[in-house]
Number of protein chains: 2
Amino acid sequence: MKSVIACGLISGTSRDGVDVAIVEISGRYPHCRIKLIHGETIPFPRWLRRRLLKPGDEFTALEIAALNFVLGEFFAQAVLKALAACRLKPQDIAVIGNHGQTLLHRPGGIRFGPRKVRATLQVGSGAVIEVLTGIPTVSDFRSADIAAGGEGAPLVPIFDFAILASRTKTRVALNIGGISNVTVLPKGRDITKVEGFDCGPGNCMIDFAVRYLTGGRKSYDVGGRLAQKGKPDADEISRILSHPYLDRKPPKSTGWNEFGEHFTLRSIRRMQKRGMSIADMISTLTQATVEAIAGSIRRFVLRRMAVDEIIVTGGGVHNPVIMAGLAQRLPECRLLRGEDVGISSDWKEACAFAFLGVGAKKLHRGVGAKKLHRVSR
Amino acid sequence: MKSVIACGLISGTSRDGVDVAIVEISGRYPHCRIKLIHGETIPFPRWLRRRLLKPGDEFTALEIAALNFVLGEFFAQAVLKALAACRLKPQDIAVIGNHGQTLLHRPGGIRFGPRKVRATLQVGSGAVIEVLTGIPTVSDFRSADIAAGGEGAPLVPIFDFAILASRTKTRVALNIGGISNVTVLPKGRDITKVEGFDCGPGNCMIDFAVRYLTGGRKSYDVGGRLAQKGKPDADEISRILSHPYLDRKPPKSTGWNEFGEHFTLRSIRRMQKRGMSIADMISTLTQATVEAIAGSIRRFVLRRMAVDEIIVTGGGVHNPVIMAGLAQRLPECRLLRGEDVGISSDWKEACAFAFLGVGAKKLHRGVGAKKLHRVSR
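The following refers to the structure shown. A quick note: this is a predicted structure, and the numbers were derived from the prediction, not measured.

Rules of the game
Residues numbered from 1 in each chain as written. Chains lettered and ligands numbered in written order. Predicted model: local features only at pLDDT ≥ 70, side-chain atom pairs only at ≥ 80, totals over all residues. Heavy atoms only, no water. Helix = DSSP H or I, 4+ residues; strand = E, 2+ residues; numbered from the N terminus. Rg over C-alpha atoms; globule rule 2.2 N^0.38 Å. Buried < 20%, exposed > 50% of the residue type's maximum accessible area, 1.4 Å probe, protein only. Areas by Shrake-Rupley, 256 points an atom, 1.4 Å probe, with all protein chains shown as cover. Lys, Arg positive; Asp, Glu negative; His and termini not counted. Charge placed at Lys NZ, Arg CZ, Asp CG, Glu CD. Pairing = 2+ DSSP bridges. Right-handed = clockwise from strand over helix to strand, strands pointing away. Axes fitted to C-alpha atoms, helices over the stretch in contact; angles between N-to-C directions. Contact = heavy atoms within 4.5 Å. Least-squares fit on C-alpha atoms with pLDDT ≥ 70 in both. Salt bridge = Lys/Arg side-chain N within 4 Å of Asp/Glu carboxyl O. Buried area = accessible area lost by both parts, 1.4 Å probe. Polar contact = N/O pair within 3.5 Å; in protein donor to acceptor, adjacent residues only side chain to side chain. Parallel < 35°, antiparallel > 145°, perpendicular 65-115°, else oblique. Left-handed = near helix turned anticlockwise from the far one by under 90°. Nonpolar A, V, L, I, M, F, W, Y, C, P; charged D, E, K, R; others polar. Core = buried A, V, L, I, M, F, W, Y, C linked by side-chain atoms within 4.5 Å. Phe/Tyr/Trp six-rings, centres within 6.5 Å; stacked < 30°, edge-to-face > 60°.

**Looking at the overall build of chain A**
Scanning chain A for helices and strands turns up 15 helices and eleven strands. Radius of gyration (C-alpha) of chain A: 20 Å, near the 21 Å computed for a compact globule of 377 residues. Relative to its 377 residues, chain A shows a buried fraction of 63%. Accessible surface computed for chain A: about 14,800 Å², of which carbon and sulfur atoms make up 50%. When the 55 positive and 34 negative side-chain charges of chain A are each reduced to one mean point, those points stand 3 Å apart.

Given below as structure tokens:
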């Protein structure tokens, strides 16, 4: 069982920085064991973050071209910083799996001339990363997946299968990043039975509202304290839950364009009109997020099968209001954190892209390319 | 001397289609022998071409995302069509070198927040090509070159060196595509002495004017017939030649944004005001192009060294007015076409990207990455 060291990079829908994971991967792909060597989040400087916080279709061509380089350089420096922290050299790393920063994700299609084009757009050039680190870099996983007939998201299911699928227990891997997504892993460890989809909002509504309502002084609801202090408003929760995405059947994926700034701002304005306090507003958005996640799992998973364990990762595990809310609404499943089964809640997605990078280096060749590149399920 | 078969793809500044070359490459990189197996130009459908013909900074984010997929698919189909024409299978091809369609090329920098960012932007996703053909695909050569400290253009010099550098003759390789560029290959076959730069306009002004003035009925001046019929206007020629790019010292590179639609349209309007005929206008633009090329070679090459041969490739070789004009203005050099020394005038650039693709697959690793990825000189 030869092992390689790989690096994963992901900059999520919250657009606030990049997660780097350095991992050791052994075993035959995709039946691998993954050991985290080092994980680190490197925040974007303020000027860059500010330029990233707008709807994807408002970026100009010059901004896209510049961002592709600025982020490519930033990601390369992040890799070199992470390597220095664990005393590794670029030569020790077999591959970088680079997710990139998503600006647009439109698997439903963009009208373009006579066609409707399914597309996704990530910036943070792999060529730039490769030159500045000297490490082979694989990018554009979401584009490859869409070209192969997938939704382009979520991409993590194959990684969840590798590290979490069990012979005896049906598990659901739930990641609560900006967007929340699940991978359903029916017992028996059969890769053809794996499913994954985006539930809807993760921390994106809450984070945006905290940042907006505190004038940028806070960037998220630390420890869920605001949510705990406030009182959720049932009317506004049902308005949020009437978002048509939540009713759509999987496979499906979503992003910033559906649950980001525009959507959350409309909700905030409605609540402000009714004179609600900041704590009440955050509490409302937090409960709506919990309902969106729990409701998705109930309607699209639990109606078809019993689930033994839900393993939660991503920033959302640090919000006790979200965790308690999920436990209360899904009492028939055991709710665990990534750490309870030996995986890092904070670095799981970055680890997944290191793993996908190793996989992509092995795939390539010949006739099966379309089947092999299709990662979303 | 093991040989591999590789594929090169380039869609140039004229934005009218893609050139595909299938080549056999043998020898140790970069000291290779290159044999053209098949070359083909596949024109874009009209609706797509129309959408490509505007200044790069006017593309929206949605258009960029859609084009990345539409062109990725188009390029993949072009590769499969070319393979079928020479009875090869995807498995026979070691690598695709994908230039992509340039939308923006700003090695001088884009103002972005507190920074000036040197950038270039090509669309036509390598990930999409790779999935749809099953062939490993290398893209973003220009980005890699800029990240490594180059100008991002021209990239062909290393290829010119491989196939044209001579022990006994000083040669200049001149390619007249949309933009014209030269590679200077001093005798002695010393790779450190190679230089390359973009002269300025190639066929771009002429082609745009023909298309514009014929309402799209013609797309270029077939056989230089309009230029031959008309009478060039000396005043307008000197106005065009006063473009500041032409005075800048190499290394330098340019593109559509400097000599494309906007620039040519201003020139056409001036000539129309003076009541010039279509033939006179095309004749004027053709002579200005000849002067721009010959002037660059004289000022930036011949002042420093004697040149034995100028080897011309690209669409410009088919325009006898351009060829005769160059021969007249550069009498001390022997003017040859690519075919005279065994290389294809029409497919040279596509061959070069097959060659660069093979090189990039070998480079990658470790400390020397920055040096190795720097291809422009």
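**Section: the pairing of strand E11 (residues 334–337) of chain B**
Side-chain positions along a regular strand alternate between the two faces of the sheet. All names here are of chain B. Note: strand E10 (residues 309–313) against E11, four bridges, orientation parallel. Across the sheet, Val312 pairs through a bridge with Arg337, a residue of E11. With helix H13 (residues 320–329) bridging E10 and its parallel neighbour E11, the resulting β-α-β unit is right-handed.

**Here we look at the sheet that holds strand E10 (residues 309–313) of chain A**
Residue and element names in this part refer to chain A. Within the open sheet, the five strands sit side by side as E9-E8-E7-E10-E11. Their pairing is mixed. The open sheet is flanked by strand E9 (195–201) and strand E11 (334–337), the only strands paired with a single partner. Along the sheet, successive strands turn relative to each other by an average axial angle of 20°, direction set aside. Here helix H5 (residues 157–164) sits on the sheet and contacts strand E7 (171–176), strand E8 (179–185), E9 and E10; the angle it forms with E8, its principal contact strand, is near 50°.

**So, the relation of the copies chain B and chain A**
If you rotate chain B by 180° and push it 0.0 Å along the axis, it lands on chain A with an RMSD of 0.0 Å. What the superposition gives is, in effect, a two-fold axis relating one chain to the other. Minimal C-alpha separation from the rotation axis in chain B is found for Thr60 of chain B, amounting to 2.9 Å. When the interface residues of chain B are mapped onto chain A, 100% of them are again interface residues, pointing to one common binding face.

**Here we look at the pattern of salt bridges**
Applying the stated rule across the entire model yields 32 salt bridges over all chains. Glu332 of chain A is the salt-bridge partner of Arg298 of chain A, the closest N and O atoms lying 3.1 Å from each other. Of the two residues, Arg298 of chain A is situated in helix H12 (residues 278–302) and Glu332 of chain A in the loop between helix H13 (320–329) and E11; the sequence distance between them amounts to 34 residues. Judged by its relative accessible area of 32%, Arg298 of chain A is partly exposed. Arg329 of chain B is paired through a salt bridge with Glu291 of chain B; the nearest N and O atoms lie 2.8 Å apart. With Arg329 of chain B in helix H13 and Glu291 of chain B in helix H12 (residues 278–302), this pair connects stretches of sequence that are 38 residues apart. Given a relative accessible area of 28%, Glu291 of chain B falls into the partly exposed group. Put simply, Lys169, Arg171, Glu309 and Arg334 of chain A are held in one network by salt bridges that share partners.

**With respect to the sheet that holds E11 of chain B**
All names here are of chain B. With mixed pairing, the five strands of this open sheet are ordered in space as E9-E8-E7-E10-E11. The open sheet is flanked by strand E9 (195–201) and E11, the only strands paired with a single partner. Here the strands of the sheet are splayed against their neighbours by 20° on average, with no regard to which way each runs. Of the pairings in the sheet, the one linking strand E8 (residues 179–185) to E9 comprises six bridges and is antiparallel in character.

**Remarks on the interface of chain B and chain A**
Listed per partner, the contact involves 54 residues of chain B and 54 residues of chain A. Three residues stand out in chain B for area buried against chain A, namely Phe69, Phe112 and Val131 of chain B, and they jointly supply 16% of the buried area on that side. Counting across the chain B and chain A interface gives two salt bridges. As a salt-bridge pair, Arg115 of chain A and Glu73 of chain B come within 3.1 Å of each other at their nearest N and O atoms. Scanning the region where chain B abuts chain A turns up two residue pairs in polar contact (both at pLDDT 80 or more).

**So, the packing of helix H6 (residues 204–213) of chain A against helix H11 (residues 261–273) of chain A**
Residues and elements named next belong to chain A. The geometry of H6 relative to H11 is characterised by a closest axis approach of 10 Å and an angle of 60° between their N-to-C directions. By the angle between their directions, the pair H6 and H11 is classed as oblique. Considering how the two elements wind past one another, H6 and H11 form a crossing that is right-handed. Taking contact as the criterion, the partners of Met205, Phe208, Ala209, Tyr212 and Leu213 in H6 are, on H11, Glu261, Phe263, Thr264, Leu265, Ile268, Arg269 and Gln272. In terms of residue class, the contact of H6 with H11 is made up of eight nonpolar, two polar and two charged.

**Details of the nonpolar core**
Within the largest apolar cluster, 94 residues are counted, with the highest numbers of intra-cluster contacts made by Ile22 of chain A together with Ile22 of chain B. Residues within four places of Ile22 of chain B in sequence aside, it is in contact with Ile5, Ala6, Cys7, Lys35, Leu36, Ile37, His38, Ala82, Leu83, Cys86, Leu88 and Ile93 of chain B.

**Remarks on the side chain of Gln101 of chain B**
Residue and element names in this part refer to chain B. Its location among the elements puts Gln101 in strand E4 (residues 93–112). Given a relative accessible area of 1%, Gln101 falls into the buried group. A polar side-chain atom of Gln101 sits 2.2 Å from a polar atom in the side chain of Ser11. Once you skip the residues sitting within four places of it in the chain, Gln101 turns out to touch Ser11, Gly12, Arg15, Phe44, Leu52, Leu71, Phe75, Leu121, Gln122 and Val123.

**Looking at unusual backbone geometry**
The linkage connecting Pro250 of chain A with the following residue, Pro251 of chain A, adopts the cis geometry, with an omega of 0°. Among the structural elements, Pro251 of chain A can be located in the loop between helix H9 (244–247) and helix H10 (256–259). One non-glycine residue, Asp140 of chain B, lies in positive phi territory at about 60°. Taking relative accessible area as the criterion, Asp140 of chain B reaches 25% and is therefore assigned partly exposed.

**Digging into the packing of aromatic side chains**
Residue and element names in this part refer to chain A. A complete count under the given rule lists 16 aromatic pairs over all chains for this structure. An angle of 65° between the planes, with centres 5.1 Å apart, marks the rings of Phe44 and Phe74 as edge-to-face. Remark: Phe74 occurs in helix H2 (residues 61–85) and Phe44 occurs in the loop between strand E3 (31–43) and helix H1 (46–52); sequence separation between them is 30 residues. Each member of the pair, Phe44 together with Phe74, is buried. Here the aromatic rings of Phe159 and Phe355 are separated by 5.4 Å at their centres, their planes lie at 65°, and the arrangement is edge-to-face. In this pair, Phe159 is assigned in helix H5 and Phe355 in helix H14 (residues 348–363), connecting sequence segments 196 residues apart. Comparing Phe159 with Phe355 shows no difference in burial state: the two are buried. Cluster of aromatic residues (ring-pair linked, three or more members): Tyr245, Phe259 and Phe263.

**Points about the packing of helix H6 (residues 204–213) of chain B against H12 of chain B**
Residues and elements named next belong to chain B. Packing of H6 against H12 leaves a shortest axis separation of 9 Å and a crossing angle of 165°. It follows that H6 is roughly antiparallel to H12 by the angle criterion. By crossing handedness, the relation of H6 to H12 is classed as right-handed. Residues Met205, Ile206, Ala209, Val210 and Leu213 of H6 pack against Ile278, Met281, Ile282, Leu285, Thr286, Ala288 and Thr289 of H12.

**Details of the environment of Val307 of chain B**
All names here are of chain B. Structurally, the position occupied by Val307 is in the loop between H12 and E10. A relative accessible area of 5% places Val307 in the buried class. The sequence separation of Val307 and Val184 amounts to 123 residues, and the corresponding C-alpha distance is 8.9 Å. Beyond its immediate sequence surroundings of up to four residues, Val307 is in contact with Thr170, Arg171, Val172, Val301, Leu302, Glu332 and Cys333.

That's the geometry; what it means functionally is another story.
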